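What follows is each chain in one-letter form.
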Amino acid sequence: MKWTEQQIPRQDGRVAVVTGANTGLGFETARRLAERGASVVLAVRDTAKGKVAAARINGDVSVRELDLTSLDSVRAAAAGLRASHPRIDLLINNAGVMYTPKQTTRDGFEMQFGTNHLGHFALTGLLLDLLLPVPDSRVVTVSSTGHRIRAAIHFDDLQWERSYGRVSAYGQSKLANLMFTYELQRRLAAHGTTVAVAAHPGISNTELVRNAPAAVRRPVTWLAPVITQSATAGALPTLRAATDPSVLGGQYYGPDGLGEVRGYPKLVTSSPESYDLTVQQRLWAVSEDLTGVRFPVGQAAAAA
């Protein structure tokens, strides 16, 4: 049976925070959650664009400034959310950048690793205690099939200071998203309320490809009708990970079509590298050191 948006359960009384929700996958995710009754926070870098997006959504929607390239902004956004929302049911780490030219975040991190992984790592750690008491609360992190392409966690040069490859750097950041999800789930397991789940949209026709090398961008543009799907369809794996009652912690959802490029959401597997427990734990420790954020669930809880 194909999973469609009609199977999204009612979300009345639930609070969802969606990063990067002013456009593309994030907007479609937020829109459908709000239409099902959730109170949705659009956590976006540009609040003016966020307000325009919010006006296009039917339901209870608010806008919160969040710039994942700045840990100060992440902390400010988390503090604001804590003040306005005593509980969070869904934290959807959707925002991201792809194939950017070499540049750094305000904290000096390589842009893709800093935005896609470290920003969301910090945000999750700062908000997690608002999810822990809430039954069936979830942290959903959006990865990519790009986690398989030239991807490894380069602990000897995480910030790509010696040499930079935009495709490899993107792959590292998306691999980090999955490793974060799997390690977070182990730490959450003893609590029995909150779960960590991952999803990917296949190849969706969104603004994300704008920084791709010409050799990648041109074929995607030419073949878009065949090899891509709409943001509406691309958001379905995230929505299933966030709302399907049968979802379990540590699972990964993506399209069911050939090569997971397009289709209806199903349970998928990630690369063998993503399941390396030693690398997951090392990445976690490094991420804590780089962000200064400690989670309210420790390794002892994960081992319990």
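Just so it is clear, the structure is predicted and the values come from calculations on it, not from any experiment.

Mind laying out the overall build of the protein chain, listing which residues take part and the relevant values?
A count of helical and extended segments in the protein chain gives 11 helices and 8 strands. Considering only C-alpha atoms, the protein chain reaches an extent of 45 × 45 × 40 Å along its principal axes. When the 304 residues of the protein chain are sorted by exposure, 56% land in the buried category. Of all intrachain contacts in the protein chain linking residues separated by at least 6 positions in sequence, the fraction that spans at least 24 positions is 73%. About 12500 Å² of surface is accessible on the protein chain, with carbon and sulfur atoms providing 52% of the total.

Run through the side chain of aspartate 67, naming residues and quoting values.
When you line up the elements, aspartate 67 lands in the loop between strand 3 (60-65) and helix 3 (71-84). When residues no more than four places from it in sequence are discounted, the contact partners of aspartate 67 are Arg45, Ser73, Val74 and Arg106.

An account of the packing of aromatic side chains is requested, with residue identities and associated values reported.
Inspection of every chain in the model, using the stated rule, returns 9 aromatic pairs. Ring geometry for tryptophan 160 versus tyrosine 164: centroids 6.4 Å apart, planes at 90 degrees, classification edge-to-face. Arranged with centres 4.6 Å apart and planes meeting at 55 degrees, the rings of tryptophan 284 and phenylalanine 295 form a pair that is tilted. Of this pair, tryptophan 284 sits in helix 10 (residues 277-291) while phenylalanine 295 is found in the loop between helix 10 and helix 11 (299-303), placing the two residues 11 residues apart along the sequence. By relative accessible area, which is 2% here, tryptophan 284 ends up buried. Every member of this aromatic cluster is reached through a ring pair, and the members are Phe121, Phe180, Trp284 and Phe295. Looking at arginine 56, its charged tip hangs above the ring of phenylalanine 27, at a distance of 4.2 Å from the centre.

Could you give an account of the sheet that holds strand 6 (residues 195-199), naming the residues involved and the relevant values?
Across the sheet, 8 strands lie side by side as 3-2-1-4-5-6-7-8; this open sheet has mixed pairing. The open sheet has two edge strands with one neighbour each: strand 3 and strand 8 (265-267). Looking at each pair of strands side by side, their axes are set apart by 20 degrees on average, direction ignored. Pairing analysis gives 3 bridges linking strand 1 (residues 15-19) to strand 4 (residues 90-93), with the strands arranged parallel. Along strand 4, the bridge assignment pairs valine 17 with leucine 91.

I'd like a rundown of the environment of leucine 91, residues and numbers included.
With respect to the helices and strands, leucine 91 occurs in strand 4. Residue classification places leucine 91 among the buried positions, given a relative accessible area of 0%. Considered as a pair, leucine 91 and alanine 285 are 194 residues apart in the sequence and their alpha carbons are 22 Å apart. Dropping the residues within four chain positions of it, leucine 91 is found in contact with Val17, Leu123, Thr124, Leu127, Leu131, Arg138, Val139 and Val140.

Give me the lowdown on the packing of helix 4 (residues 111-131) against helix 10, citing residues and values where you can.
Close contact between helix 4 and helix 10 brings their axes to 10 Å; oriented N to C, the two are set at 85 degrees. When the axis of helix 4 is compared with that of helix 10, the two are roughly perpendicular. Where helix 4 approaches helix 10, its residues Phe113, His117, Leu118, Phe121 and Ala122 are matched on the opposing element by Leu283, Trp284, Ser287, Glu288, Leu290 and Thr291. Grouping the amino acids of the contact of helix 4 with helix 10 by side-chain chemistry returns 7 nonpolar, 3 polar and 1 charged.

Now, about the packing of helix 3 against helix 4: what can you tell me, with residues and values included?
The N-to-C vectors of helix 3 and helix 4 enclose an angle of 20 degrees; their axes lie 10 Å apart at closest approach. Taken together, the axis directions place helix 3 and helix 4 in an arrangement best described as roughly parallel. Crossing handedness for the pair helix 3 and helix 4: right-handed. Within the contact between the two elements, helix 3 uses Leu71, Val74, Arg75, Ala78, Leu81 and Arg82 and helix 4 uses Gly119, Ala122, Leu123, Leu126, Leu127, Asp129 and Leu130. Looking at the contact of helix 3 with helix 4 residue by residue, the class counts come to 9 nonpolar, 1 polar and 3 charged.

So, empty space enclosed by the protein: which residues are in play, and what are the values?
Scanning the entire structure with this criterion turns up 1 cavity of 30 Å³ or more. Space inside the largest cavity adds up to approximately 40 Å³. In this structure, the largest cavity is lined by His117, Phe121, Met179, Phe180, Gln280, Leu283, Trp284 and Ser287. Sorting the residues of the lining of the largest cavity by element identifies helix 4, helix 5 (166-188) and helix 10 as the ones contributing at least two each. Broken down by element, the lining of the largest cavity gets its largest block of residues, 4 residues, from helix 10. The class makeup of the residues in the lining of the largest cavity is 5 nonpolar, 3 polar and no charged.

Reading the values: the criteria
- Residues numbered from 1 in each chain as written.
- Predicted model: local features only at pLDDT ≥ 70, side-chain atom pairs only at ≥ 80, totals over all residues.
- Heavy atoms only, no water.
- Helix = DSSP H or I, 4+ residues; strand = E, 2+ residues; numbered from the N terminus.
- Buried < 20%, exposed > 50% of the residue type's maximum accessible area, 1.4 Å probe, protein only.
- Contact = heavy atoms within 4.5 Å.
- Areas by Shrake-Rupley, 256 points an atom, 1.4 Å probe, with all protein chains shown as cover.
- Phe/Tyr/Trp six-rings, centres within 6.5 Å; stacked < 30°, edge-to-face > 60°.
- Lys NZ or Arg CZ within 6 Å of the ring centre and 35° of its normal.
- Pairing = 2+ DSSP bridges.
- Axes fitted to C-alpha atoms, helices over the stretch in contact; angles between N-to-C directions.
- Parallel < 35°, antiparallel > 145°, perpendicular 65-115°, else oblique.
- Nonpolar A, V, L, I, M, F, W, Y, C, P; charged D, E, K, R; others polar.
- Left-handed = near helix turned anticlockwise from the far one by under 90°.
- 1 Å grid on protein atoms, 1.4 Å probe; cavity = no way out; pocket = protein on both sides within 12 Å on 5 of 7 lines; lining within 4 Å.
- Points joined across faces, edges and corners; volume = space filled by probe spheres on them.

On their own, these measurements won't tell you what the molecule is for.
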